[in-house]
Each structure stands twice: as structure tokens, then as C-alpha cells.
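An overview of the molecular structure
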Amino acid sequence: MSISTPVSFEFFPPKTEEGREKLLTTHATLSEQTPEFFSVTYGAGGSTQERTINTVIELNNKGICTAPHISCIGASQEKITELLDLYKANGIKRLVALRGDLPSGMGATNGDFHYASDLVAFIRERYQDQFHIEVAAYPEMHPQATDFNTDLRNFMTKVNAGASSAITQYFYNPDAYSFFVDQVRGAGSDIGIVPGIMPITNYTNLVRFSDGCGAEIPRWVKRKLEAYRDDVKGLQEFGADVVADLCRHLIERGAPALHFYSMNQSEPTLKILNRLS
């Protein structure tokens, strides 16, 4: 059963044929939720470029819009143009434009782009309105930002460069989302800001991911997850309750859609959607 709020789902490109088969099964299952689109991630410095391209084109050909992540750091304008021309020729109409991370050993000055806003401006100038451009947003501040106001200005630079809409890093405090949206509105933009939703399935992985991206796990949630450390089923049921409740608050506060970081699995996301419906 689907919910009235639009949804979308993120995948990562599989490394093996077994992983590809699993992803196709997950894609088929989540397609039943009639998502607006699927997105496919892109490794540091384009390290998964070929797998990303192949996955994006294969999934897009199945009838639901699929959006590739485009990482620009260290890339030339020629390489980005070649990639976008390939996507355009294969019917891709949506992109997730990111700065991305440099692979180890590559200098920060390599390439023609330094920020995601440079990439957004380049795509708009070169392709006008041929692509819907998603950008990243950080309600709890980008982990490399010096302060919130600077991070907000950086986000607005992407918006003013021509972003169509934004997807946030995941979070578990709806107040962080509401405050961020209010600040963006106060800065003069009505851009759609879609909350990124991370299902809770594994305590150790969640803490590691959250430490890396700066997402705060509320203390009470963390303590409860610690208590479930050896009870996988109990942890996942509790996690689904927490995230479904988060989604309800976000919908009530006007979130235009929900974007689920599926980790190439259908069941954790479906647990949440079933609770919402």
C-alpha cells in the first residue's frame, strides 16, 4: 500500500552480478510504491562511474525516471559534458549534482569544478532546462562547514545557480529540518527541500555513518538502540517505529516528498511505508 506523499529511493551501483540481481529485485519491489524517481550514487572521484552509468540506464529503461549522482570534483568540463550527453541520449531527465569527495592522492585544485554550485551553473548554461537538477542540503550543517550561516549561504549559491530542488542528508530530529527550511525561505527561496530518510537496521553501521556525515542520533534513540544491540529483530522494529514517526512529523510540517536511502534493500523502507499507510 502506498502513501499520498511522493517518495523516491536511492541505490548504489552493485559490484557483482549477484548484487545486480538483488538490486533488480529490490527495484521491482519498490517500483510498486510508484516513486517519483530512483537515484544511483557515484563513488569518490568517479570511482564507480561505469557501474553507475550502466545501472542508471538499465533502471531508467524499466519505465521509472532514474537520476544519476554527478560528482564534479576533479572532473573537467569535457568529461562532464561527455557524461551528460550520454545520459541525455539515453533519456535521463533528472540529475543529482554534487561536489563529491576526492579520491586519496588527488589534489583539490585538479579539475574545472570546485563546488557543486559550479556544476549546477555549468549544467544550466550548457543544457538549459533539459535536466531537473537536485542538490544536497544539510539541515544539521555540512560536516566540513565552519558555521551554519556559511553553510546556508553555500546552499543558496547552489539554489541561485539553477538547482530545481534539494534532497537533505538524513537526520532524526524534525526540528532541524523545519529550522533549515525556515532559514531558506527567509533567504528568499521557495525551492522544494525533500528530507532524506535513513531506515535504522544496524546499530554499528548507523553510528559509523552518522559520525562520518554529521547526522545526530538523539540520545534517547541511541540508548534504546544500544539496548537492542543483540536483538536484530527488536532493533529493526523499533527503528521502523522511530523513522515512521519522524516521517509523520515531516509530512505534517509540509515536506513535499520523502527520499529513502534504501541501501539496495526493500524491506526496511517498506516497514516504514506500511506504518505510514
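That block above? That's the structure.
Residues numbered from 1 in each chain as written. Predicted model: local features only at pLDDT ≥ 70, side-chain atom pairs only at ≥ 80, totals over all residues. Heavy atoms only, no water.

**Digging into the packing of helix α1 (residues 17-31) against helix α2 (residues 49-60)**
Running from N to C, α1 and α2 cross one another at 35°; their axes reach a closest spacing of 12 Å. Considering the relative orientation of α1 and α2, their crossing is right-handed. Of the residues in α2, those touching α1 at Arg20, Leu23, Leu24 and His27 are Thr55, Glu58 and Leu59. (Axes fitted to C-alpha atoms, helices over the stretch in contact; angles between N-to-C directions. Helix = DSSP H or I, 4+ residues; strand = E, 2+ residues; numbered from the N terminus. Left-handed = near helix turned anticlockwise from the far one by under 90°. Contact = heavy atoms within 4.5 Å.)

**Concerning the packing of aromatic side chains**
Evaluation of the coordinates by the stated rule reveals 11 aromatic pairs. Of the aromatic side chains, those joined through ring pairs into one cluster are Phe9, Phe11, Phe38 and Phe260. (Phe/Tyr/Trp six-rings, centres within 6.5 Å; stacked < 30°, edge-to-face > 60°.)

**Things to note about the environment of Lys271**
Turning to its location among the elements, Lys271 is positioned in helix α10 (residues 267-276). C-alpha of Lys271 to C-alpha of Leu83: the two residues are 188 residues apart in sequence and 36 Å apart in space. Those residues in contact with Lys271 that lie beyond four places of it in its chain are Glu237 and Ala240. Of note is the side chain of Lys271, whose polar atom sits 2.6 Å from the side chain of Glu237. (Polar contact = N/O pair within 3.5 Å; in protein donor to acceptor, adjacent residues only side chain to side chain.)

**Digging into helix α9 (residues 232-252)**
In this model, α9 (21 residues) spans 30 Å end to end at C-alpha, consistent with the 30 Å of a helix rising 1.5 Å per residue. Considered for burial, the residues of α9 that qualify are Gly234, Leu235, Phe238, Gly239, Ala240, Val242, Val243, Ala244, Leu246, Cys247 and Leu250. Downstream of α9 by a residue or two, Gly254 has a phi angle that is positive, lying close to 95°. (Expected span 1.5 Å × (residues − 1). Buried < 20%, exposed > 50% of the residue type's maximum accessible area, 1.4 Å probe, protein only.)

**Details of the nonpolar core**
By size, the foremost hydrophobic cluster in this structure holds 82 residues, and its most contacted members are Phe155, Ile200 and Phe260. It is α9 that contributes the most residues to this core, nine residues altogether. With residues near it in sequence (within four places) discarded, Phe260 still touches Val7, Ser8, Phe9, Glu10, Ile197, Cys247, Thr269, Ile272 and Leu273. (Core = buried A, V, L, I, M, F, W, Y, C linked by side-chain atoms within 4.5 Å.)

**Points about the packing of helix α4 (residues 116-127) against helix α5 (residues 148-161)**
Two measures define how a pair of helices packs: the angle their axes make with one another and the distance between the axes. Following both chains from N to C, one finds α4 and α5 inclined at 5°, their axes separated by 8 Å at the closest point. For the element pair α4 / α5, the angle class is roughly parallel. Within the contact between the two elements, α4 uses Ala116, Ser117, Val120, Ala121 and Arg124 and α5 uses Thr157, Lys158 and Ala161. (Parallel < 35°, antiparallel > 145°, perpendicular 65-115°, else oblique.)

**Thoughts on the sheet that holds strand β5 (residues 132-137)**
The eight strands lie next to each other as β1-β2-β3-β4-β5-β6-β7-β8, forming a closed barrel whose pairing is parallel. When strand polarity is set aside, the average angle formed by the axes of neighbouring strands in this sheet is 30°. Sheet topology note: the β5/strand β6 (residues 165-170) ladder contains four bridges and is parallel. Pairing of Ala136 across the sheet is with Ile167, part of β6. (Pairing = 2+ DSSP bridges.)

**A look at the pattern of salt bridges**
Enumeration according to the criterion identifies 10 salt bridges in this entry. Across the pair Glu226 and Arg223 runs a salt bridge whose closest N-O atoms are separated by 3.3 Å. One end of the pair is Glu226 and the other is Arg223, both in helix α8 (residues 219-227) and three residues apart, which spans about a single turn. One network of salt bridges, with partners in common, ties together Glu17, Arg20, Glu21 and Glu58. (Salt bridge = Lys/Arg side-chain N within 4 Å of Asp/Glu carboxyl O.)

**Focus: the side chain of Ser165**
Tracing the backbone shows Ser165 in strand β6. Leaving out residues up to four positions away in the same chain, Ser165 has contacts with Arg94, His132, Ile133, Glu134, Val135, Ile191 and Gly192.

**Things to note about the side chain of Arg94**
Within the element layout of this structure, Arg94 appears in strand β4 (residues 94-98). Arg94 gets classed as buried once you look at its relative accessible area, which sits at 14%. Here the side chain of Arg94 touches His132 through a polar contact of 3.3 Å, side chain to side chain. For Arg94, the side chain forms a polar contact with the side chain of Glu134, separated by 2.7 Å.

This is a description of form; function is not addressed.
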